[in-house]
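Reading the structure
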Amino acid sequence: KNEVEQSPQNLTAQEGEFITINCSYSVGISALHWLQQHPGGGIVSLFMLSSGKKKHGRLIATINIQEKHSSLHITASHPRDSAVYICAVRSGYSGGGADGLTFGKGTHLIIQP
Amino acid sequence: AAGVIQSPRHLIKEKRETATLKCYPIPRHDTVYWYQQGPGQDPQFLISFYEKMQSDKGSIPDRFSAQQFSDYHSELNMSSLELGDSALYFCATALDRYNEQFFGPGTRLTVL
């Protein structure tokens, strides 16, 4: 069983719709990242969260540590938001501190004009 | 703003050859992570360095080794390449081991 589960796996929506992508994890974490990957392969970091909520432009990310759950919301979605959105967690328990991320399978988002 | 630099961007090798991938961090970033993303797969963590010392180890094969140099750039050395090593290799760097990771554009390795 993957330690990081995302839903939905695929999402197609119309321009302007409010988008929610969910992430659940089964291990204790020190931080959760939301990443965006475009077809060319490049990965962009959107948020790093350890508690609460963060907002950047039309993107909002929330995390509930007790429930081991995070959500990424996109308001007023636009075709340029079409990408793969990946949830990744850092355990923080290796002792060395620079712990690698464990990734979810990603959510393929398509926003149609 | 300066970003993470990876070189080369594309690399084609034959089976059993060796390859060296390089990662140049954002200025002042002292932490480097290496990830491997196979075709259609999610990225897998390989290895990380903090202040030039190995910090965490993931699913890195014994045929691979890596190090971080005095100028904080890092190199991933891959020997006895196999077809299954064909992947996109990302490095990510961070201001320190507890901060947000910023990803490079990746090196696409193809093993023929």
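A few points on the structure. Numbering of residues starts from 1 in every chain and runs along the sequence as written. Numbering of ligands from 1 and lettering of chains from A proceed in the order in which they are written. In keeping with the predicted nature of the model, local features appear solely for residues at pLDDT of at least 70, side-chain atom pairs appear and are counted solely at 80 or more, and the whole-chain, interface and lining totals rest on all residues. As a convention, hydrogens and water are excluded, and side-chain values are obtained from all of the structure's heavy atoms.

1. Some remarks on the packing of aromatic side chains
The following threshold applies: Any pair of Phe, Tyr and Trp rings, taking the six-membered ring for Trp, is counted once the centres come within 6.5 Å. Such a pair is stacked with planes under 30 degrees apart, edge-to-face with planes over 60 apart, and tilted for the rest. Think of it this way: any DSSP run of H or I at least four residues long counts as a helix, any run of E at least two long counts as a strand, and we number them from the N terminus. The cut-offs for exposure are 20% and 50% of the maximum accessible area for each residue type, with area from a 1.4 Å probe on protein chains only; residues under the lower value are buried, those over the upper are exposed, and the others partly exposed.
Considering all chains together, one arrives at five aromatic pairs over all chains under this definition. Summarising the aromatic geometry, the rings of Phe103(A) and Tyr35(B) are spaced 5.2 Å apart at their centres and angled 90° between planes, so their arrangement reads as edge-to-face. With Phe103(A) in strand β10 (residues 101–103) and Tyr35(B) in strand β4 (residues 31–37), the pair connects residues from two separate chains. Overall, the relative accessible area of 2% leaves Phe103(A) in the buried class. Ring geometry for Tyr33(B) versus Tyr35(B): centroids 6.4 Å apart, planes at 20°, classification stacked. Assessed through its relative accessible area of 0%, Tyr35(B) is described here as buried. Feature note: the residues Phe103(A), Tyr33(B), Tyr35(B), Phe45(B), Phe90(B) and Phe103(B) constitute an aromatic cluster, connected by ring pairs.

2. Describing the sheet that holds strand β1 (residues 4–7) of chain A
All names here are of chain A. For the record, the criterion: Strand pairing follows a simple DSSP-based rule, namely that at least 2 bridges must link the two strands. Whenever a helix is involved, its axis is fitted only over the stretch in contact; in every case the axis is a line through C-alpha atoms, and angles between N-to-C directions fall within 0 to 180 degrees.
Spatial ordering of the open sheet is given by β1-β3-β8-β7-β6, a layout of five strands whose pairing is antiparallel. At either margin of the open sheet sits one strand with a lone partner, and together these are β1 and β6 (52–56). Averaged over all adjacent pairs, the angle separating strand axes in this sheet is 15°, with direction ignored. In the sheet, β6 pairs with strand β7 (residues 59–64) via five bridges, with the strands oriented antiparallel. Looking across to β7, one finds that Lys53 is bridged to Thr62.

3. Quick notes on the layout of surface pockets
Here the idea is plain: a probe the size of a water molecule rolls over the atoms and shows the empty space left. Stated formally: Here a cavity denotes grid points, spaced 1 Å and computed from the protein atoms alone, that fit a 1.4 Å probe unable to get out, and a pocket denotes an open set having protein on both sides within 12 Å along at least 5 of 7 lines; residues with an atom within 4 Å of a point are the lining. Grid points are joined across faces, edges and corners, and a volume is the space filled by probe spheres set on the points. Residues are sorted three ways: Asp, Glu, Lys and Arg are charged, Ala, Val, Leu, Ile, Met, Phe, Trp, Tyr, Cys and Pro are nonpolar, and all the rest, Gly among them, are polar.
What the largest pocket holds in volume is close to 430 Å³. Around the largest pocket sit 22 residues that line it, and Gln37(A), Gln37(B), Gly38(B), Gly40(B) and Gln41(B) are the ones nearest its centre. For the lining of the largest pocket, the secondary-structure elements that each account for two or more residues are β9 (83–90) of chain A together with β9 (87–94) and β11 (107–111) of chain B. When the residues that make up the lining of the largest pocket are grouped by side-chain class, the tally is seven nonpolar, 12 polar and three charged. Around the second largest pocket, the lining is made up of 15 residues, and of these Glu3(A), Gly100(A), Leu101(A), Thr102(A) and Phe103(A) lie nearest the centre. Secondary-structure elements contributing two or more residues to the lining of the second largest pocket are β10 of chain A together with β5 (44–50) of chain B. For the lining of the second largest pocket, the per-class residue count stands at six nonpolar, six polar and three charged.

4. Let's talk about the nonpolar core
Defined as follows: Side-chain atoms within 4.5 Å link the members of a nonpolar core, which is a set of buried Ala, Val, Leu, Ile, Met, Phe, Trp, Tyr and Cys residues.
Among the nonpolar cores identified, the biggest contains 23 residues, and Ile19(A), Leu32(A), Trp34(A), Leu46(A), Phe47(A), Leu72(A) and Tyr85(A) are the most heavily contacted of them. Ranked by size, the runner-up nonpolar core spans 22 residues in total, among them Ile26(B), Ile60(B), Ala66(B) and Tyr89(B).

5. Considerations on the sheet that holds strand β1 (residues 5–7) of chain B
Strand pairing in a sheet takes place through backbone hydrogen bonds and is either antiparallel or parallel in direction. Residues and elements named next belong to chain B. Strands sit in the order β1-β3-β8-β7 across an open sheet of four strands; the sheet is antiparallel. At either end of the open sheet lies a strand with only one pairing partner, and these are β1 and β7 (64–68). For this sheet the average axis-to-axis angle between neighbouring strands, irrespective of direction, equals 15°.

6. A word on the interface of chain A and chain B
So the rule is basically this: Residues are treated as being in contact if the distance between any of their heavy atoms lies within 4.5 Å. By buried area we mean how much accessible surface two parts lose on assembly, using a 1.4 Å probe and totalling the loss over both. In the analysis that follows, any N or O atom pair within 3.5 Å is treated as a polar contact, provided that within protein one partner can donate a hydrogen and the other can accept it, and provided that, for residues neighboring in sequence, both atoms belong to side chains.
Taken together, the contact pairs 22 residues of chain A with 20 residues of chain B. Between chain A and chain B the total buried area reaches about 1700 Å² when both faces are included, carbon and sulfur atoms providing 53% of it. The tally of links from chain A across to chain B stands at six residue pairs in polar contact (both at pLDDT 80 or more). Mapped onto the side of chain A that touches chain B, the elements with two or more residues apiece are β4 (31–37), β5 (43–49) and β10 of chain A.

7. What to know about the pattern of salt bridges
What counts here: Salt bridges are defined as contacts in which a side-chain nitrogen from Lys or Arg sits within 4 Å of a carboxyl oxygen from Asp or Glu.
This model, assessed by the stated rule, comprises five salt bridges over all chains. Here Asp42(B) and Lys105(A) are joined by a salt bridge, their closest N and O atoms 3.0 Å apart. In this pair, Asp42(B) is assigned in the loop between β4 and β5 and Lys105(A) in the loop between β10 and β11 (107–112), connecting two distinct chains. A relative accessible area of 8% places Asp42(B) in the buried class.

8. Quick notes on the pairing of strand β6 (residues 53–57) of chain B
All names here are of chain B. Judged from the four bridges that link them, β5 and β6 form a sheet pairing that is antiparallel. Residue pairing in the sheet places Tyr50 in a bridge with Met53 of β6. Counting the residues that bridge the hairpin from β5 to β6 gives two residues, and of these Glu51 lies at a positive phi of roughly 50°.

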